[in-house]
2 protein chains.
Amino acid sequence: MGGMHQHLGHPEGENALEQLVARIPLFSQLSDAELGEVARRVTPRSFPRNAQLYGAGEHNANLMIIHSGLVKVYRITDAGHEQVIRILGPGDFLGESTFIDRSAVDHFAVTLEKSDICALHHDDLHSYVLTFPGVAFKMLETLSRRLAETEHQLSSVAGDDADHRVATYLLEASAAAGTERIRLGIAKKDVASLLGLTPETFSRKLAAFEEAGWITLHRGRDIELLDTRALSLL
Amino acid sequence: MGGMHQHLGHPEGENALEQLVARIPLFSQLSDAELGEVARRVTPRSFPRNAQLYGAGEHNANLMIIHSGLVKVYRITDAGHEQVIRILGPGDFLGESTFIDRSAVDHFAVTLEKSDICALHHDDLHSYVLTFPGVAFKMLETLSRRLAETEHQLSSVAGDDADHRVATYLLEASAAAGTERIRLGIAKKDVASLLGLTPETFSRKLAAFEEAGWITLHRGRDIELLDTRALSLL
DNA sequence: CGAATCTTTGAATCCCGTCAATACGCGTGG
DNA sequence: CCACGCGTATTGACGGGATTCAAAGATTCG
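A quick note: this is a predicted structure, and the numbers were derived from the prediction, not measured. (Residues numbered from 1 in each chain as written. Chains lettered and ligands numbered in written order. Predicted model: local features only at pLDDT ≥ 70, side-chain atom pairs only at ≥ 80, totals over all residues. Heavy atoms only, no water.)

### Quick word on the packing of helix α6 (residues 162-177) of chain B against helix α8 (residues 199-211) of chain B
Residues and elements named next belong to chain B.
Thinking step 1. Two elements in contact, α6 and α8, have axes separated by 10 Å at closest approach and are oriented at 75 degrees. Judged on the interaxial angle alone, α8 and α6 are roughly perpendicular. Mapping the contact onto sequence places Ala162, Asp163, Val166, Ala167 and Leu170 in α6 and Thr201, Phe202, Lys205, Leu206 and Phe209 in α8.
Thinking step 2. Grouping the constituent residues of the contact of α6 with α8 by class yields seven nonpolar, one polar and two charged. (Axes fitted to C-alpha atoms, helices over the stretch in contact; angles between N-to-C directions. Helix = DSSP H or I, 4+ residues; strand = E, 2+ residues; numbered from the N terminus. Parallel < 35°, antiparallel > 145°, perpendicular 65-115°, else oblique. Contact = heavy atoms within 4.5 Å. Nonpolar A, V, L, I, M, F, W, Y, C, P; charged D, E, K, R; others polar.)

And the structure:
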């Protein structure tokens, strides 16, 4: 894990760091004094694109909180190809599995773009969880939501056909963005993997949707939904 | 939800109940006094086979802890067929999603056999979580493990072929049991769904494995692994 | 600007799901 | 305890949708 920039000591950095910590959902219920205490233990780092945060087999000892950037969490299947589990963005954290389990992780975490990430050692997190019940509760909320999402992914991959999965993804992305013009923040091959498809199939489905007049594919990763009704009927 | 047997008031029931609560992993770190406090709020019920604990759309307000029996958690996909998410047994709890989220559940929970289950109202659990950090931590552990399992299921269903999934399931069941003679505790159709397969495909794969001399199918749901090496190579 | 990665398109294959019919076995009720 | 009945399991044939392999085209990033 290379290239860390540690800002320690000087009061300005300290203050900025505290404001950074205050924006972390995980610590949103803490008082100012408590935030300051957390801020003193947190280590901000900046990672370039395609930096591996940790990999399978390692014993990662840090909870990492994303301030800016995008992180891909994936696993290498027995068959040998990459399966994307989830994409994490600002406010999300990762590295909690080893915090709770202590065994080696079985997946990989890589930045998809330049990212600013705060690291908090598991020992410190442990004391916070025991001291501030709100922190434990926030973690429970997050894990519970992730579990629900992963279960949803599972039943989708197991039960629905490719058309349905692609259509659902587009509709959800549109709903999340609030527009009918969505921009895939990540590579199509990663979206495909997230949906349990090959890049080829994903590409074909999008082409078929455009053919049917339901969407328009713009340059790059821009997609415009023309007929959400038709998509939701798949 | 019919047929509840409430044992309240009389001291013997109280004591037995306390011993019951003491065996719940979720409360394993509590002191005797604290266990007694929890026991006073817990409601034991006995459910017959095929009883629905809760269903999609409901606002279940209880954490349910399985003392004995087996519970199937599943979801109905958009396509309309049942997708088994997980099977829960003694010591496991369910109903935590509404505890954390308050929104309606999107899945179903049904007993697969006669089950004794303790119900604990979410309000009580809330106070325990805030009062006893160990309880929150135990919940974190459990959710984290479930998340890891579900992620594993996901990448398996998305990436591996049917042979590999069936073989892996058999091997894991064997490893968990400690024997090479395993007994599927649940219906094959449910195992198939858990693996993201149709019952027909599951049946065919087992037949093919027997044909190849890797396993022997005995009466009922008994399977004997003859060549674990061959199975692990799939 | 250039190269590596991602994306698209085509054609062939194959694995798995679907439908259907039969056999089995478990759990229920008498 | 036994017999009945329904849900479960098996087996076959078939069709389809997704993957695979391959190669050309586009985009992004250094």
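### Things to note about the nonpolar core
Thinking step 1. Counting residues in each nonpolar core, the largest one holds 58 residues, and the members touching the most others are Phe27 of chain A together with Phe27 of chain B.
Thinking step 2. Contact partners of Phe27 of chain B, with chain neighbours within four places excluded, come to Val21, Leu35, Val38, Ile65, Leu120 and Val135 of chain B. (Core = buried A, V, L, I, M, F, W, Y, C linked by side-chain atoms within 4.5 Å. Buried < 20%, exposed > 50% of the residue type's maximum accessible area, 1.4 Å probe, protein only.)

### With respect to the relation of the copies chain B and chain A
Thinking step 1. When chain B is fitted to chain A, the residual RMSD is 0.1 Å, and the transformation amounts to a turn of 179 degrees plus an axial shift of 0.0 Å. What the rotation and shift describe, once combined, is the action of a two-fold rotation axis.
Thinking step 2. A shared binding surface is used by both copies, with 100% of the interface residues of chain B retained as interface residues in chain A. (Least-squares fit on C-alpha atoms with pLDDT ≥ 70 in both.)

### Section: the protein's contact with DNA strand C
Thinking step 1. Around DNA strand C lies a shell of 20 residues, among which Lys188 and Lys189 of chain A together with Ala162, Thr201 and Arg204 of chain B are the nearest.
Thinking step 2. Protein-proximal atoms of DNA strand C, defined as those within 4 Å of the protein, fall in sugar or phosphate at a share of 72%.
Thinking step 3. A distance of 2.6 Å separates a phosphate oxygen of DNA strand C from a polar atom in the side chain of Lys188 of chain A.
Thinking step 4. Thr198 of chain B has a polar side-chain atom sitting 3.3 Å from a phosphate oxygen of DNA strand C.
Thinking step 5. For the surface near DNA strand C, the secondary structure elements donating two or more residues are α7 (188-194) and α8 (199-211) of chain A together with α8 of chain B.
Thinking step 6. Tallied by class, the residues present in the surface near DNA strand C amount to four nonpolar, five polar and 11 charged. (Near = heavy atom within 4 Å. Polar contact = N/O pair within 3.5 Å; in protein donor to acceptor, adjacent residues only side chain to side chain.)

### Let's talk about the interface of chain B and chain A
Thinking step 1. On the side of chain A, 38 residues touch chain B, which itself brings 38 residues to the contact.
Thinking step 2. Of all residues in chain B, Leu140, Leu147 and Leu154 of chain B bury the most surface against chain A, accounting for 18% of the area lost on that side.
Thinking step 3. In this structure, the connection of chain B to chain A is made through two salt bridges.
Thinking step 4. Linking Arg86 of chain B and Glu151 of chain A is a salt bridge whose minimum nitrogen-to-oxygen distance equals 2.6 Å.
Thinking step 5. On inspection of chain B and its partner chain A, the count reaches six residue pairs in polar contact (both at pLDDT 80 or more).
Thinking step 6. Listed by contribution, the elements that provide at least two residues to the side of chain B that touches chain A are β5 (82-88), α3 (96-101), α4 (122-131) and α5 (133-159) of chain B.
Thinking step 7. A per-class count over the side of chain B that touches chain A returns 17 nonpolar, 13 polar and eight charged. (Buried area = accessible area lost by both parts, 1.4 Å probe. Salt bridge = Lys/Arg side-chain N within 4 Å of Asp/Glu carboxyl O.)

### Looking at the side chain of His107 of chain A
Residue and element names in this part refer to chain A.
Thinking step 1. By secondary structure assignment, the location of His107 is in the loop between α3 (96-101) and β7 (108-111).
Thinking step 2. For His107, a relative accessible area of 8% gives the class buried.
Thinking step 3. Here Tyr54 takes part through its side chain, which lies 2.9 Å from a polar atom of the side chain of His107.
Thinking step 4. Ignoring any residue separated from it by four or fewer positions in sequence, one finds His107 in contact with Tyr54, Gly55, Ala56, Val73, Tyr74, Arg75 and Ser97.

### Looking at the domain arrangement of chain A
Residues and elements named next belong to chain A.
Thinking step 1. According to the domain assignment, chain A contains domain 1 (11-146) and domain 2 (160-232).
Thinking step 2. When each unit is reduced to the centre of its C-alpha atoms, the spacing between domain 1 and domain 2 is 29 Å.
Thinking step 3. Taken residue by residue, the interface counts nine residues in domain 1 and six residues in domain 2.
Thinking step 4. Ranking the residues of domain 1 by area buried against domain 2 places Gln83, Val84 and Ile87 at the top, with a combined share of 55%.
Thinking step 5. Connecting domain 1 to domain 2 are one salt bridge.
Thinking step 6. For Lys72, the salt bridge identified is with Asp190, shortest N-O distance 3.2 Å.
Thinking step 7. Summed over the shared surface of domain 1 and domain 2, the number is four residue pairs in polar contact (both at pLDDT 80 or more).
Thinking step 8. Top element by residues in the side of domain 1 that touches domain 2 is strand β5 (residues 82-88). It accounts for six residues. (Domains from an automatic or database assignment.)

### Here's the deal with the packing of aromatic side chains
The description of two aromatic rings rests on the distance between their centres and on the angle between their planes.
Thinking step 1. In the structure shown here, the tally under the stated rule is 10 aromatic pairs over all chains.
Thinking step 2. Pairing Phe209 of chain A with Trp214 of chain A gives two aromatic rings, centres 5.6 Å apart and planes at 55 degrees, and the pair type is tilted.
Thinking step 3. By relative accessible area, which is 23% here, Trp214 of chain A ends up partly exposed.
Thinking step 4. Judged by centre distance (5.2 Å) and plane angle (15 degrees), the ring pair of Tyr74 of chain B and Phe108 of chain B falls under stacked. Taken together, the residues span a long stretch of sequence, with Tyr74 of chain B in strand β4 (residues 71-76) and Phe108 of chain B in strand β7 (residues 108-111) at a distance of 34 residues. For the pair Tyr74 of chain B and Phe108 of chain B, one class covers both residues: buried.
Thinking step 5. Three or more aromatic residues link up through ring pairs in this structure, and these residues are Phe27, Tyr128 and Phe132 of chain A.
Thinking step 6. Across the ring face of Tyr74 of chain A, the terminal group of Lys72 of chain A is positioned such that the distance to the ring centre comes to 5.3 Å.
Thinking step 7. Lying over the aromatic face of Phe93 of chain B, Arg146 of chain B brings its terminal NZ or CZ to 4.8 Å of the ring centre. (Phe/Tyr/Trp six-rings, centres within 6.5 Å; stacked < 30°, edge-to-face > 60°. Lys NZ or Arg CZ within 6 Å of the ring centre and 35° of its normal.)

### Digging into the pattern of salt bridges
Residue and element names in this part refer to chain A.
Thinking step 1. Per the counting criterion, the structure on display carries 22 salt bridges over all chains.
Thinking step 2. One salt bridge in this structure joins Asp124 and Arg41, with 2.5 Å as the shortest N-O distance. Pair noted here: Asp124 is in helix α4 (residues 122-131) and Arg41 is in helix α2 (residues 32-41), with a separation of 83 residues, a long-range link.
Thinking step 3. For Asp106, the salt bridge goes to Arg75, with nearest N and O atoms at 3.2 Å. One end of the pair, Asp106, is in the loop between α3 and β7; the other, Arg75, is in strand β4 (residues 71-76), and 31 residues separate them in sequence.
Thinking step 4. With relative accessibility at 37%, the residue Asp106 sits in the partly exposed group.
Thinking step 5. With relative accessibility at 6%, the residue Arg75 sits in the buried group.

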